[in-house]
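Coordinates in review
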Amino acid sequence: VDYFSGSRLVVETPKDPIYSSNGANVTLPCHYRYEPDLEAKRKIRVKWSKLRDDYTKEQDVLVAIGKTYMAFGDFRGRAHLLQAARRPASLLLSDVRLQDDGKYRCEVIDGLEDESDVVELRLRGIVFPYQPPHGQYRLNFHEAERVCQDQGAILATFHQLFQAWSEGLDWCNAGWLADGTVHYPIRLPRKPCGGIHLAPGIRSYGPRHRHLHRFDAFCFSSALRGEVFYLGRPGGMTLEEAKQSCQDAGAEIARVGHLYSAWKFQGLDRCDAGWLADGSVRYPIAKPRANCGPAEPGVRSFGFPSKGSFGVFCYKER
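Now for a quick tour of the structure.

What counts and what doesn't
- Residues numbered from 1 in each chain as written.
- Predicted model: local features only at pLDDT ≥ 70, side-chain atom pairs only at ≥ 80, totals over all residues.
- Heavy atoms only, no water.
- Buried < 20%, exposed > 50% of the residue type's maximum accessible area, 1.4 Å probe, protein only.
- Helix = DSSP H or I, 4+ residues; strand = E, 2+ residues; numbered from the N terminus.
- Arc of directions from axis to C-beta.
- Contact = heavy atoms within 4.5 Å.
- Pairing = 2+ DSSP bridges.
- Axes fitted to C-alpha atoms, helices over the stretch in contact; angles between N-to-C directions.
- Disulfide = S-S within 2.5 Å.

Re helix α2 (residues 158-166)
Within α2 the residues assigned to the buried category are Gln 160, Leu 161, Ala 164 and Trp 165. One side of α2 holds all its buried residues, which, seen down the axis, span an arc of 140°. Elements that come into contact with the buried residues of α2 comprise β12 (125-130), β13 (154-155), β15 (181-186), β16 (201-207) and β17 (216-222). In the segment just after α2, Gly 168 is the residue with positive phi, at about 120°.

Structure, rendered in structure tokens:
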């Protein structure tokens, strides 16, 4: 093969995923070289793109020529080219967000030569099923997106749901995922959940109409930038009193995503039920014990009481 410059351009990224969490800074490594090597400086163009699961382009992230670069969309002010290397191509992403999870293409362009490779960014997080106060299977796709955002989360991807299933998630209600498909994870096959003769796995309804069809949602939340804490009062509080108590403590009433993240990543363990922002009452158990629900760790739910007095879980940013 004859190359335009007399050398072959090679672009390499890590084969293993790069892990990060919400609010952190992360570097997505990308290196290029020539075979045989070229010492002369060349006008190289580096382009980073975020990809869909099928490897088609979802959005532009950054384009750079030398030390001049431009970032796009939600990546403005957060995406930079790491200049420390002899041939800078690695992407430095600051203030990582939930929606940053996914595949990224590093493309290096030298005149007529154009080579690329793909690196995957995965956020450490937790998937939780969400059903709104008005009952099961009431959300179309767009409503599912909104309820997850309201809970400090986003709709989970299939990969995130699969990871949660491999870690023990078992849920018989079908829910929307970020790509508009509907699934549910089963660890223990049973008659109401696809039948006892099907192997454990992710049951799929496939793509559904995003406006007409209605299901629950699987939401994804990452590690917290702050802390969740419990406030109690003799006799408990109403929901409005609970919200005010959090404000008086310099915090806000916690969302469902906050509670799940604190349970998973901070080991939050409290056998007292507390209000959350959506009007539900829940409590997190990291160490199962008598009088605190089932024998497995988890976030227990009392549903959405129309009245009653409870404590409250608050969230405060660090």
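Comments concerning the side chain of His 258
Within the secondary structure layout, His 258 lies in helix α4 (residues 256-265). Exposure remark for His 258: the relative accessible area of 9% places this residue in the buried category. Sequence-distant contacts of His 258, defined by excluding residues within four places in its chain, comprise Gln 151, Leu 224, Val 228 and Tyr 315.

Considerations on the sheet that holds strand β3 (residues 26-28)
A sheet is described by the order of its strands in space; here 3 strands give the open sequence β3-β9-β8, paired in antiparallel fashion. Among the strands making up the open sheet, the edge pair consists of β3 and β8 (79-81). Across the sheet, the mean angle from the axis of one strand to that of its neighbour is 25°, orientation sign disregarded. Bridge count for β3 against strand β9 (residues 91-93) is 3 bridges, and the pairing is antiparallel. The partner of Thr 27 across the bridge, within β9, is Leu 92.

Focus: the sheet that holds strand β10 (residues 102-110)
Backbone hydrogen bonds are what pair the strands of a sheet, in a parallel or an antiparallel way. One open sheet holds the 6 strands; their spatial order is β2-β11-β10-β5-β6-β7, and the pairing between them is mixed. Whereas interior strands pair on both sides, the edge strands pair on one side only; in this sheet they are β2 (18-20) and β7 (68-71). With direction set aside, neighbouring strand axes in the sheet form an average angle of 25°.

A closer look at the state of the cysteines
As used here, a disulfide is simply a covalent bond connecting the sulfur atoms of two cysteines. Evaluation of the coordinates by the stated rule reveals 5 disulfides. Across the disulfide from Cys 148 sits Cys 219; the S-S distance is 2.1 Å. Measuring handedness by torsion sign, the sulfur bridge of Cys 148 and Cys 219 sits at about -80° and is left-handed. In this pair, Cys 148 sits in helix α1 (residues 141-150) while Cys 219 sits in strand β17, placing the two residues 71 residues apart along the sequence. The exposure class assigned to Cys 148 is buried, which follows from its relative accessible area of 0%. Note on Cys 219: relative accessible area 0%, which makes it buried. Through a disulfide, Cys 246 is tied to Cys 314; the S-S separation comes to 2.0 Å. Of note, the bridge from Cys 246 to Cys 314 carries an S-S torsion of about -80° and is left-handed in sense. On the criterion of sequence distance, the pair formed by Cys 246 in helix α3 (residues 239-248) and Cys 314 in strand β23 (residues 311-317) is long-range, its members being 68 residues apart. Residue class for Cys 246 comes out buried when judged on its relative accessible area of 0%.

Overview of α4
Among the 10 residues in α4, 8 count as buried, and that is most of the element. Listed as buried for α4 are Val 256, Gly 257, His 258, Leu 259, Tyr 260, Ser 261, Ala 262 and Trp 263. Among the residues trailing α4, Gly 267 stands out with phi positive, at a value near 65°.

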